[in-house]
2 protein chains.
Amino acid sequence: MASFRTVKGFRDFFPRECALRNYVTDTWRAAARRCGFLEYEAPVIESTDLYRKKSGDEITSQLFCFEDKAQREIALRPEVTPSLARMATARQRDFKKPLKWFQIGSCFRYEEPQEGRTREFIQFNADILGDASPGADAELIALAVEVMLDFGLQREDFRIRLSNREIWNQFLRDQGVADEHAPAFLQIVDKIERAKPEETAARLTAIGLQLEVVRDFMAGTDESHPAFTDLRVDLTARGLWDCVKIDASIVRGLAYYTGTVFEVFDVRHGLRAVAGGGRYDRLCALISDGGVDMPAAGFAMGDVVLGILLSKTPSAQARLTDYLNAAQGVDVYVVVADEAQRAPALAAVQALRRAGVKTDYSMAPQKVNKQFQAAENQNARFAVVFGAEYPQVMVKNLVSREQSEVAAEAVVTSVQSALAEPLRGPLLA
Amino acid sequence: MASFRTVKGFRDFFPRECALRNYVTDTWRAAARRCGFLEYEAPVIESTDLYRKKSGDEITSQLFCFEDKAQREIALRPEVTPSLARMATARQRDFKKPLKWFQIGSCFRYEEPQEGRTREFIQFNADILGDASPGADAELIALAVEVMLDFGLQREDFRIRLSNREIWNQFLRDQGVADEHAPAFLQIVDKIERAKPEETAARLTAIGLQLEVVRDFMAGTDESHPAFTDLRVDLTARGLWDCVKIDASIVRGLAYYTGTVFEVFDVRHGLRAVAGGGRYDRLCALISDGGVDMPAAGFAMGDVVLGILLSKTPSAQARLTDYLNAAQGVDVYVVVADEAQRAPALAAVQALRRAGVKTDYSMAPQKVNKQFQAAENQNARFAVVFGAEYPQVMVKNLVSREQSEVAAEAVVTSVQSALAEPLRGPLLA
């Protein structure tokens with residue numbers, strides 16, 4: 001019957017879906033803060049040029065872009081990194097380097113919706129600017145691992161696939177391939193596992209390379225390659241190197257990466273990458289027209305593939321369920337058993353909330369059993385009943401079914417001390 | 001030097017501004033949950049028609065709207081209420097009534113930026129659907145007050161200006177003005193305090209009314225009007241009626257309001273309304289083409305005027321400062337005084353974070369005094385120093401300047417117990 005629908009590729013977050021979203025964003029935020037990252041946010045709209053020139057073809061072909069009423073060409077952000085480079089370079093004197101910054105918010109890509117892809121998605125971005133050391137790359141990988149563990153995933157559930165674009169640049173130089181072919185070559189490698197071998201071979205031949213040579217080089221690239229030495233030492237010290245797998249086919253689609261690149265994949269379900277990132281040392285100079293040269297690295301994790309992975313992983317589900325239950329409920333439901341006592345009942349609602357107690361009640365007159373039903377639906381631990389006995393009121397523990405009569409004026413203190421006791425009864429069963 | 005800027009009317013949130021935003025959104029969220037509201041979120045993009053037909057002229061003239069690549073007419077949401085009505089009516093069978101729902105997110109209006117107005121702003125929406133009682137209107141006003149108090153504002157700092165559109169509808173009937181003039185009339189009343197009297201008089205004359213009669217009626221409308229009786233009883237029981245001032249000039253610009261309307265104003269600084277809302281009993285039927293008839297009421301509070309008010313109110317500033325300090329800092333800074341000990345230092349960083357301790361360190365080799373400086377900049381309470389004494393390490397309390405040597409393997413437990421102690425020393429000064 002409804003005459004309006006969501007726009008294609010966009011999502012409604014009803015309370016359950018919204019609590020799930022909050023669980024994801026809260027978990028990201030807590031992990032990033034624990035690792036010393038500071039939160040920032042960029043506008044969801046930027047000049048189209050910011051993406052057109054910087055992000056590369058794949059992303060700009062998927063832009064939600066339009067003209068505003070003053071004929072400005074603007075776009076819904078497809079990613080946050082160009083905005084971060086704009087912001088950090090504009091005010092780089094105001095902040096001590098290195099910057100460890102993170103961001104959480106929506107991004108938009110005009111691509112065909114399918115499993116794991118929506119036109120709007122929520123992304124977590126973590127970046128380190130002003131530190132060119134491999135230690136910064138390691139810190140980002142450590143944060144990515146930290147996040148996965150915080151979601152209740154086990155080390156065996158995921159793998160960081162690691163590579164370095166410099167390895168391929170060196171390979172191209174060794175093979176005598178001109179620099180101008182590097183972007184096209186990286187696109188071929190990016191798709192090498194999904195594209196048909198004949199097509200890949202043909203595209204490689206066009207720039208003077210043989211598929212077999214590329215494949216052999218990929219197979220021969222392992223953790224002994226000097227590009228990985230510093231990262232291996234750092235991540236081994238943290239006990240995280242066994243989460244990493246060298247994989248030369250990882251190059252990342254975006255044009256701006258320069259060194260280390262990595263993606264996080266689940267191990268059991270063959271899903272798309274959960275997260276990806278790397279080093280992009282030239283983007284700040286590019287965005288600031290050479291004004292500020294600042295090394296940088298970062299990664300992004302979206303909510304969509306992650307959500308699918310969490311739904312398929314029992315150890316992750318347990319945490320999620322605890323969070324959802326806590327988000328939905330109230331502590332106390334005030335029952336107006338006698339409408340003549342609505343005024344003191346409202347005063348109690350007000351006082352309980354002021355004291356920090358999550359409290360609900362029926363706004364309109366309602367049968368008593370319906371009010372108790374509502375209390376149960378909202379997982380209330382206590383009901384406070386205002387009836388004919390007023391100024392005495394009944395405090396019922398809805399878990400243990402114990403009840404006691406207290407003076408109405410003592411409701412807040414008795415509820416607070418009751419809430420401080422550990423849960424007993426059926427809820428623990 | 002930077003070649004890119006924010007699009008006109010959009011905002012960058014650097015870490016300090018982002019922490020301020022989080023303070024506002026966290027405070028909204030906590031108050032709404034305490035009052036038994038559940039969070040939802042709607043898409044930031046909807047069909048333009050959803051607004052064109054439902055919100056009225058003032059908002060649709062300020063739409064950020066465009067065509068996507070499939071020629072769909074879509075718009076950045078200028079408000080969330082039409083989306084809420086779309087969502088609630090589409091799935092109304094799935095939820096027990098009344099729905100008490102809240103939402104926090106960005107909205108967009110293409111209007112000239114000025115103090116208190118940006119083209120993108122963050123809004124808090126709280127709504128009750130499926131309850132036509134005045135008790136639901138009172139609950140919304142109580143939540144608005146709760147939010148203001150949670151921000152550290154005093155009761156004397158703000159006022160709820162309350163009216164009811166039915167009062168004006170009755171007035172128009174009494175004056176023999178045709179129903180079709182009601183929308184134009186309400187627009188005139190909405191601007192009566194800001195527009196020139198001559199212009200207002202002329203516009204009223206056009207629909208057969210005299211300015212003096214309207215003014216007299218406004219002046220004569222007070223809390224004795226029967227439209228306010230139930231609300232007065234409810235809010236008096238909660239001890240909140242003294243926060244309310246009857247003001248018949250409050251009608252709200254949006255077309256869809258039907259009964260109670262209110263706005264929240266600061267008392268001292270003459271700012272624009274901090275929040276506003278009311279009852280909109282016909283919107284759900286309109287949005288669902290008559291499919292679902294559901295009474296509804298709600299209010300919205302934006303972050304921009306609120307932010308100005310908080311910045312001008314000392315009692316509000318104190319809470320804000322506490323929040324900002326807590327958001328910026330870490331608990332522990334791990335100092336690598338001897339690069340030979342970087343590996344165990346990294347292991348300690350990892351273990352501390354896993355144990356929930358906010359921990360930072362220098363990713364690249366760095367002079368020891370620079371590392372202590374960084375620890376101070378990040379408000380670290382403790383430094384853990386890995387030097388030549390390893391496997392002994394030094395735990396320094398950066399507040400009291402006390403220090404003690406512990407075994408590296410005991411770092412996590414000794415830091416955790418030290419953090420559990422109350423703060424002493426200069427930070428409390």
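Residues numbered from 1 in each chain as written. Chains lettered and ligands numbered in written order. Predicted model: local features only at pLDDT ≥ 70, side-chain atom pairs only at ≥ 80, totals over all residues.

Here we come to the overall build of chain A. Secondary structure summary: chain A contains 16 helices and 16 strands in total. For chain A, the C-alpha radius of gyration of 28 Å lies well beyond 22 Å, the compact-globule estimate for 429 residues. The principal-axis extent of the C-alpha atoms belonging to chain A is close to 95 × 55 × 50 Å. Classification of the 429 residues of chain A by burial places 45% in the buried group. (Helix = DSSP H or I, 4+ residues; strand = E, 2+ residues; numbered from the N terminus. Rg over C-alpha atoms; globule rule 2.2 N^0.38 Å. Buried ≥ 20, exposed ≤ 12 C-beta atoms within 10 Å, placed from the backbone.)

What follows is about the relation of the copies chain A and chain B. In the superposition of chain A on chain B (RMSD 0.0 Å, axial shift 0.0 Å), the rotation amounts to 180 degrees. Viewed as a symmetry operation, the transformation between the two copies matches a two-fold axis. Measuring from the rotation axis to each C-alpha of chain A, the shortest distance belongs to Phe66 of chain A, at 3.2 Å. A high fraction, 100%, of the interface residues of chain A reappear at the interface in chain B, so the copies pair face to face through one surface. (Least-squares fit on C-alpha atoms with pLDDT ≥ 70 in both. Contact = placed C-beta atoms within 7 Å.)

A separate point is the sheet that holds strand β14 (residues 382–386) of chain B. Residues and elements named next belong to chain B. Strand order in the open sheet formed by 5 strands is β13-β12-β14-β15-β16, with mixed pairing between adjacent strands. Pairing within the sheet leaves two strands with one partner each, and these edge strands are β13 (359–361) and β16 (403–407). For this sheet, the mean inter-axis angle between neighbouring strands, taken without regard to orientation, is 25 degrees. As paired elements, strand β12 (residues 332–336) and β14 share 5 bridges and run parallel to each other. Pairing of Val336 across the sheet is with Phe386, part of β14. Helix α15 (residues 368–377) contacts β12 and β14 of the sheet and is inclined by roughly 175 degrees relative to β12. (Pairing = 2+ DSSP bridges. Axes fitted to C-alpha atoms, helices over the stretch in contact; angles between N-to-C directions.)

At the junction of the two partners, chain A supplies 78 residues and chain B supplies 78 residues. Each residue belonging to the side of chain A that touches chain B can be placed in one class, and the counts come to 35 nonpolar, 18 polar and 25 charged. (Nonpolar A, V, L, I, M, F, W, Y, C, P; charged D, E, K, R; others polar.)

Every α-helical turn comprises 3.6 residues, leaving residues that sit three or four positions apart pointing alike. Residues and elements named next belong to chain B. Those residues of α15 that fall on the buried side of the exposure criterion are Gln371, Ala374 and Ala375. The buried residues of α15 all sit within an arc of 105 degrees when viewed along its axis, so they share a single face. Turned more than 90 degrees away from the buried face of α15 sit Asn369, Lys370 and Glu376, all of them exposed. Tucked inside the fold, the buried residues of α15 contact β12 and β14. Directly beyond the C-terminal end of α15, a positive phi value near 55 degrees is found at Asn379. (Arc of directions from axis to C-beta.)

Turning our eyes to something else, we now look at the environment of Val406 of chain A. Take Val406 of chain A: it is sitting in strand β16 (residues 403–407). Spatially, the C-alpha atom of Val406 of chain A lies 69 Å from that of Asn164 of chain A, the residues being 242 residues apart in sequence.

Turning next to unusual backbone geometry. The omega torsion of the bond from Lys97 of chain A to Pro98 of chain A falls at -5 degrees, within 30 degrees of zero and hence cis. Backbone torsion omega between Tyr390 of chain B and Pro391 of chain B reads 15 degrees, so that peptide bond is classified as cis. For Pro391 of chain B, the position within the fold is in the loop between β14 and β15 (392–397). With phi around 50 degrees, Asp289 of chain B is a residue other than glycine that occupies positive phi space. Relative to the helices and strands, Asp289 of chain B resides in the loop between α11 (283–287) and β11 (296–302).

Now for the pairing of strand β4 (residues 73–76) of chain B. All names here are of chain B. Across 3 bridges, the pairing between strand β2 (residues 45–47) and β4 is antiparallel. Each residue of the ladder has a partner; that of Ser47, found in β4, is Ile74. The sheet contact formed by strand β3 (residues 64–67) and β4 spans 4 bridges and is antiparallel. Note on β4: the bridge partner recorded for Phe64 is Leu76. In this structure, the hairpin formed by β3 and β4 is closed by a connection of 5 residues, where Gln71 is found at a positive phi of approximately 60 degrees.

Attention shifts here to the domain arrangement of chain A. Domains assigned within chain A are domain 1 (15–322) and domain 2 (330–428). The distance between the C-alpha centroids of domain 1 of chain A and domain 2 of chain A comes to 50 Å. (Domains from an automatic or database assignment.)

To continue, consider the packing of helix α5 (residues 134–150) of chain A against helix α10 (residues 229–237) of chain A. All names here are of chain A. As a packed pair, α5 and α10 sit with axes 9 Å apart at the nearest point and diverge in direction by 50 degrees. Considering their axes alone, α5 and α10 lie oblique with respect to each other. When the axes of α5 and α10 are compared, the crossing they make is right-handed. Contacts between α5 and α10 pair Pro134, Gly135, Asp137, Ala138 and Ile141 from the former with Asp230, Leu231, Asp234 and Leu235 from the latter. Looking at the contact of α5 with α10 residue by residue, the class counts come to 5 nonpolar, 1 polar and 3 charged. (Parallel < 35°, antiparallel > 145°, perpendicular 65-115°, else oblique. Left-handed = near helix turned anticlockwise from the far one by under 90°.)

This part takes up the packing of helix α1 (residues 15–34) of chain B against helix α13 (residues 314–328) of chain B. Packed helix pairs are characterised by how far apart their axes lie and by the angle those axes make with each other. Residues and elements named next belong to chain B. The N-to-C vectors of α1 and α13 enclose an angle of 120 degrees; their axes lie 10 Å apart at closest approach. In terms of their interaxial angle, α1 and α13 are classed as oblique. Crossing of α1 against α13: the hand is right-handed. Mapping the contact onto sequence places Ala19, Leu20, Asn22 and Tyr23 in α1 and Leu320, Tyr323, Leu324, Ala327 and Gln328 in α13.

Let us now look at helix α4 (residues 81–90) of chain B. Residue and element names in this part refer to chain B. Of all the 10 residues making up α4, 10 are buried; the element is thus mostly covered by neighbouring parts of the structure. Turning to α4, its buried residues are Thr81, Pro82, Ser83, Leu84, Ala85, Arg86, Met87, Ala88, Thr89 and Ala90. Looking at the buried positions of α4, the neighbouring elements they touch are β2, α2 (48–52), β5 (99–108), β6 (120–129), α11 and β11.

Residues and elements named next belong to chain B. Residue Val406 is classed as partly exposed on the basis of its C-beta count, with 16 C-beta atoms lying within 10 Å. Distance from Val406 to Gln71, taken between C-alpha atoms, is 68 Å for residues 335 residues apart in sequence. Ignoring any residue separated from it by four or fewer positions in sequence, one finds Val406 in contact with Val393, Val395, Val411 and Ser414.

The next point concerns the sheet that holds β3 of chain B. Whether parallel or antiparallel, the strands of a sheet pair through hydrogen bonds between backbone atoms. Residues and elements named next belong to chain B. A sheet is described by the order of its strands in space; here 3 strands give the open sequence β2-β4-β3, paired in antiparallel fashion. At either end of the open sheet lies a strand with only one pairing partner, and these are β2 and β3. Between one strand axis and the next, the sheet turns by 35 degrees as a mean value, whatever way the strands run.

Attention now goes to the nonpolar core. Membership of the largest hydrophobic core comes to 202 residues, with the highest contact counts inside it found for Ala144 of chain A together with Ala144 of chain B. The residues contacting Ala144 of chain A, other than those within four sequence positions of it, are Ile160, Val264, Ala275 and Phe299 of chain A. (Core = buried A, V, L, I, M, F, W, Y, C linked by C-beta atoms within 7 Å.)

This next bit is on the pairing of strand β9 (residues 260–266) of chain B. Residues and elements named next belong to chain B. Counting buried positions over the 7 residues of β9 gives 7, a clear majority of the element. The alternating pattern of β9 places Thr260, Phe262, Val264 and Asp266 and Val261, Glu263 and Phe265 on opposite faces, both of which are buried. Of the strand pairs in this sheet, strand β7 (residues 158–164) and β9 are connected by 7 bridges, and their pairing is antiparallel. When the bridges of β9 are listed, Ile160 appears paired with Val264. Pairing between β9 and strand β10 (residues 275–279): 4 bridges, direction antiparallel. Of the residues in β10, the one forming a bridge with Glu263 is Gly276.

A few words now on the confidence of the model for chain A. Residue and element names in this part refer to chain A. A residue-level look at chain A finds 96% of positions with pLDDT of 70 or above and a mean pLDDT of 93. Confidence drops under a pLDDT of 50 for residues 425–429, and excluding neighbours within four residues, the segment shows 5 contacts in the predicted structure. ipTM for the predicted complex: 0.94, alongside a pTM of 0.94. (pLDDT = per-residue confidence, 0-100.)

The residue Tyr40 of chain B is located in the loop between β1 (38–39) and β2 in this model. C-alpha separation for the pair Tyr40 of chain B and Glu120 of chain B, spaced 80 residues apart in sequence, amounts to 20 Å. The contacts of Tyr40 of chain B, once residues within four sequence positions are left out, are Phe13, Phe14, Pro15 and Cys18 of chain A together with Trp101 and Gln103 of chain B.

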